[in-house]
Amino acid sequence: MVLDMAFCPTVIVLAAGRGSRFYGPLRAPRQLDDADMLDATLRQAVASELPVLVVTTPRLEASARAHVAARDVVVLPEVKQPDGGTAVPSLSDCIAAGVGTRPGASGWVVLPADMPLVQPGTLVAVAQALRVHAVAYAQHAGRRGHPVGFAAELYSELVQLPDDSGARRLVARYPSCGVDVDDPGTQLDLESLRDLAEPVAPPPGPRAWAPAPPAF
């Protein structure tokens, strides 16, 4: 694949927050629980030949640094709660931290770390769509999925997302482009790589076959 280095958005791999998605009851919030998952996702991201930045926590920092330079890893703290639990960073915190670390990028292509089957060419296709669109997302078989890209013009809004619904509102506010790709991995998020051994069935009900909004 040939990249235009004068226009080269950064892939931001989210490996720190709750993993909550932009939409609906079909996806429950989760936390990445498998360093091998991050390894697999980062191999795909690095293979795209786009710049890659990882937003993660101390628990997965070493795994991230096995694939990218230390300067390309943003580590967000996990805060201990009075009850002994751990508060992980919010989705908005993760996106803001990644975008804020690369303010001069041509744009940002946001990829959750629990989607290791997204193909490198899909990342490039979404990145290139940001030349002419404020927001772009991968679309397979008529269904929206990951990654989701944001153009450089949205920098100030991305680094000041008010809450975890802020990114969804941003997508709704600006004209967006669905980039058709032959990549079913854009639809599949996993709890762990063990999920690959299980048959993948669509969620039940008619919503499973309707186009869904971009998700995180």
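Residues numbered from 1 in each chain as written. Predicted model: local features only at pLDDT ≥ 70, side-chain atom pairs only at ≥ 80, totals over all residues. Heavy atoms only, no water.

Participant: Even after reading the chapter, I still don't get the side chain of His 140, so can you show me in this structure?
Facilitator: Mapped onto the elements of the fold, His 140 is located in strand β7 (residues 135-140). At 3.2 Å, the side chain of His 140 and the backbone oxygen of Val 181 are in polar contact. Excluding its chain neighbours within four sequence positions, the residues that come into contact with His 140 are Val 181, Asp 182, Asp 183, Pro 184, Thr 186 and Gln 187. (Helix = DSSP H or I, 4+ residues; strand = E, 2+ residues; numbered from the N terminus. Polar contact = N/O pair within 3.5 Å; in protein donor to acceptor, adjacent residues only side chain to side chain. Contact = heavy atoms within 4.5 Å.)

Participant: I'm lost on helix α3 (residues 91-101) in this one. Help?
Facilitator: One turn of an α-helix holds 3.6 residues; hence residues three or four places apart share an orientation. The element α3 is extensively covered by neighbouring structure, given that 8 of its 11 residues are classed as buried. Burial in α3 covers these residues: Leu 91, Ser 92, Cys 94, Ile 95, Ala 96, Ala 97, Gly 98 and Val 99. (Buried < 20%, exposed > 50% of the residue type's maximum accessible area, 1.4 Å probe, protein only.)

Participant: Honestly, the confidence of the model for the chain in this entry has me stumped. Any pointers?
Facilitator: Here the chain averages 81 in pLDDT, and 74% of its residues register 70 or above. Of the regions scoring below 50 in pLDDT, residues 19-29 engages in 33 contacts with residues more than four places distant in sequence or in other chains. (pLDDT = per-residue confidence, 0-100.)

Participant: I tried to follow the pairing of strand β6 (residues 107-112) on my own but got confused; where do I start?
Facilitator: As a general feature of sheets, a regular strand has side chains that alternate between the two faces. Counting buried positions over the 6 residues of β6 gives 6, a clear majority of the element. Across 5 bridges, strand β1 (residues 10-15) lies against β6 in parallel orientation. For Thr 10, the partnering residue across the bridge sits in β6 and is Trp 108. Relative to strand β8 (residues 143-151), β6 runs antiparallel, the two being bridged by 4 bridges. The residue of β8 that forms the bridge with Gly 107 is Ala 151. (Pairing = 2+ DSSP bridges.)

Participant: Where do I start with the pattern of salt bridges in this structure?
Facilitator: Side chains that carry opposite charge are capable of pairing whenever their charged atoms lie near each other. Enumeration over the complete set of coordinates arrives at 3 salt bridges. The salt bridge involving Glu 61 is made with Arg 65; its shortest N-O contact spans 2.9 Å. In this pair, Glu 61 and Arg 65 are both assigned in helix α2 (residues 61-65), 4 residues apart and thus about one turn of the helix distant. The exposure class assigned to Arg 65 is partly exposed, which follows from its relative accessible area of 43%. Between Asp 72 and Arg 102 there is a salt bridge, and its shortest N-O distance comes to 2.5 Å. (Salt bridge = Lys/Arg side-chain N within 4 Å of Asp/Glu carboxyl O.)

Participant: Just checking my understanding: could you explain the packing of aromatic side chains for this structure?
Facilitator: Think of a pair of aromatic rings as described by two things: how far the centres are apart, and how the planes are tilted against each other in angle. Counting across every chain of the model gives 1 aromatic pair. Between Trp 108 and Tyr 155, the ring centres sit 6.0 Å apart and the planes meet at 35°, which makes this aromatic pair tilted. Remark: Tyr 155 occurs in helix α5 (residues 155-158) and Trp 108 occurs in strand β6; sequence separation between them is 47 residues. On the accessibility criterion, Tyr 155 (29% relative accessible area) is partly exposed. (Phe/Tyr/Trp six-rings, centres within 6.5 Å; stacked < 30°, edge-to-face > 60°.)

Participant: Just checking my understanding: could you explain the pairing of strand β2 (residues 52-56) for this structure?
Facilitator: Counted residue by residue, β2 has 5 buried out of 5 residues, so it is predominantly covered. Both faces of β2 are covered, namely the face carrying Val 52, Val 54 and Thr 56 and the face carrying Leu 53 and Val 55. The pairing of β1 with β2 spans 5 bridges and is parallel. Residue Ala 15 lies in a different strand from β2, and its bridge partner there is Thr 56.

Participant: Help me understand the sheet that holds β1, please; the structure alone is not making it clear to me.
Facilitator: Hydrogen bonds between backbone atoms are what pair the strands of a sheet, whose relative direction is either parallel or antiparallel. A sheet is described by the order of its strands in space; here 7 strands give the open sequence β3-β2-β1-β6-β8-β7-β9, paired in mixed fashion. Of all strands in the sheet, those bounded by a partner on one side alone are β3 (73-75) and β9 (176-180). This sheet shows a mean twist of 25° between the axes of neighbouring strands, independent of strand direction. Against the sheet, helix α4 (residues 120-129) touches β1, β6, β7, β8 and β9, its axis set at about 50° to β8. (Axes fitted to C-alpha atoms, helices over the stretch in contact; angles between N-to-C directions.)

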